[in-house]
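A look at the structure
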Amino acid sequence: MFTVPAGAGSAALAICGTAGEIGAAVPVRGGGLRVLLGTVSGAALDTPAGRRAIEQAFRRTAAGPRRTVPHLVDALDRVVRDLAPAGHLRATIVDVDRAGAVRAVRCGSPDLVVAAGNRAEPAGVPDGPPIGSTEPAGRATPGPVTGRRIAVVGTGFTDAHGERWLRVLDQVAAGDDPARTAQLLTRGPRGGRRTGPALVIDPEPQSRG
C-alpha cells in the first residue's frame, strides 16, 4: 500500500502481486501525481522483467512535469512493442494536477468509479484499445474525471450487474480513508487471494469534523 499526495488531496495505491499486474505512482514536482494501473497479456510481458520494464518506462516519462498523458501512452506503447509485438497492456493512466483536477485515459481497461455524496457510479471515461495493439490514431483521448472520490480497480468488476460491481460501488462511496478503501477493493471473493491493483483518490482534503 502506497499513500501519496494528490494535488490538494491524497491518494492510495494498493499493489497485490497478482499475475500480470502493473502498478506505479509518480509524484510530480509542484504537487501533481501520475499513476499507471493495468494488466499485461503475452508470455514476454507477463514476467518480472517485462512488468518491471513497463513500470520503469512509466516512471521515467511521468517524472517530467511537462509530459502529457498521450506522451505516457506513447512511451508505454514503444516498450510493449519492443518486448512483445503480440502482447498487450490493458491500462488506465491517471493524471492529477497540483490543484487536484483529475484526467484519465482508458486503454482496454474497466471504467473508473466516482462518488458524489453517498452514491458511486461509473465515471463514463471513453475506452480505447489496449496499448500495443493499434496505431496511435485509434487510441482514446484523456478525459476529465470529477467527484469527491475517484477509484480505479484493475480487475474483477467488468460485469455492471454482478455482485462484485455493486460491492465496489458501496466501498468507493463509504469511508473517509483512501488507503482503507483501496485495501477493501482488492479483497478477493470469499476470502481468496487479493487481486489488484487498486487506486483511490480524494482530490480535496476530507473534513474530519
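Bear in mind that the values here come from a model prediction, so they are computed numbers and not experimental data.

Notes on the nonpolar core
One broad rule of soluble globular proteins: the nonpolar side chains tend to lie buried together. With 24 residues, the main nonpolar core has Leu36, Ile54, Phe58, Leu76, Leu89, Ile93 and Ile131 as its most contacted residues. Of all the secondary structure elements, the ones that give two or more residues to this core are strand 3 (21-28), strand 4 (32-41), helix 1 (48-62), helix 2 (69-83), strand 5 (88-96) and strand 6 (102-107). Discounting residues that sit within four places of it in the chain, Leu76 has contacts with Leu36, Ile54, Phe58, Leu89, Ile93 and Ile131. Formed by 18 residues, the second largest nonpolar core is a distinct cluster that contains Val94, Val96, Val102 and Val145.

So, the pairing of strand 4
Each regular strand shows side chains that alternate between the opposite faces of the sheet. In terms of burial, strand 4 is a largely internal element, nine of the ten residues being buried. Joining the antiparallel neighbours strand 3 and strand 4 is a turn of three residues, in which Gly30 adopts a positive phi near 100°. Pairing analysis gives nine bridges linking strand 4 to strand 5, with the strands arranged antiparallel. In the strand pairing of strand 5, Arg34 is matched with Asp95.

What about the side chain of Arg34?
As for its position among the elements, Arg34 is in strand 4. Judged by relative accessible area, Arg34 falls into the buried class, the value being 5%. At 2.8 Å, the side chain of Arg34 forms a polar contact with the backbone oxygen of Arg67. If we skip the residues at most four places from it in the chain, Arg34 touches Ala24, Ala25, Val26, Val28, Phe58, Ala62, Gly64, Pro65, Arg67, Leu72, Val94 and Asp95.

As for the pattern of salt bridges
Following the criterion strictly, the structure yields six salt bridges and no others. For the salt bridge of Arg34 with Asp95, the shortest nitrogen-to-oxygen distance reads 2.7 Å. On the criterion of sequence distance, the pair formed by Arg34 in strand 4 and Asp95 in strand 5 is long-range, its members being 61 residues apart. Both residues of the pair, Arg34 and Asp95, belong to the buried class.

Observations regarding the sheet that holds strand 1 (residues 2-6)
Strand pairing within a sheet occurs via backbone hydrogen bonds; the two strands may be parallel or antiparallel. Taken in spatial order, the six strands line up as 1-2-12-11-7-8 in an open sheet, and their pairing is antiparallel. At either end of the open sheet lies a strand with only one pairing partner, and these are strand 1 and strand 8 (119-122). Each adjacent strand pair in this sheet contributes to an overall mean axis angle of 20°, direction not counted. Set on the sheet, helix 4 (residues 178-185) makes contact with strand 1, strand 2 (9-14), strand 11 (149-153) and strand 12 (198-202); between it and strand 12 the angle comes to about 155°.

Comments concerning helix 2
Its 15 residues place the ends of helix 2 21 Å apart at the C-alpha level, agreeing with the 21 Å of an ideal helix rising 1.5 Å per residue. On its buried face, helix 2 is in contact with strand 4, helix 1, strand 5 and strand 6.

Here's the deal with the environment of Gly20
Structurally, Gly20 can be placed in the loop between strand 2 and strand 3. Given the relative accessible area of 1%, Gly20 is considered buried. If we ignore the near neighbours within four places in the chain, the residues touching Gly20 are Gly38, Thr39, Val40, Asp46 and Arg51.

Some words on the environment of Ala49
Among the secondary structure elements, Ala49 is positioned in helix 1. Residue classification places Ala49 among the partly exposed residues on the basis of a relative accessible area of 46%. Sequence-wise, Ala49 and Leu83 are 34 residues apart; in three dimensions their C-alpha atoms are separated by 9.9 Å.

What counts as what
- Residues numbered from 1 in each chain as written.
- Predicted model: local features only at pLDDT ≥ 70, side-chain atom pairs only at ≥ 80, totals over all residues.
- Heavy atoms only, no water.
- Core = buried A, V, L, I, M, F, W, Y, C linked by side-chain atoms within 4.5 Å.
- Buried < 20%, exposed > 50% of the residue type's maximum accessible area, 1.4 Å probe, protein only.
- Helix = DSSP H or I, 4+ residues; strand = E, 2+ residues; numbered from the N terminus.
- Contact = heavy atoms within 4.5 Å.
- Pairing = 2+ DSSP bridges.
- Polar contact = N/O pair within 3.5 Å; in protein donor to acceptor, adjacent residues only side chain to side chain.
- Salt bridge = Lys/Arg side-chain N within 4 Å of Asp/Glu carboxyl O.
- Axes fitted to C-alpha atoms, helices over the stretch in contact; angles between N-to-C directions.
- Expected span 1.5 Å × (residues − 1).

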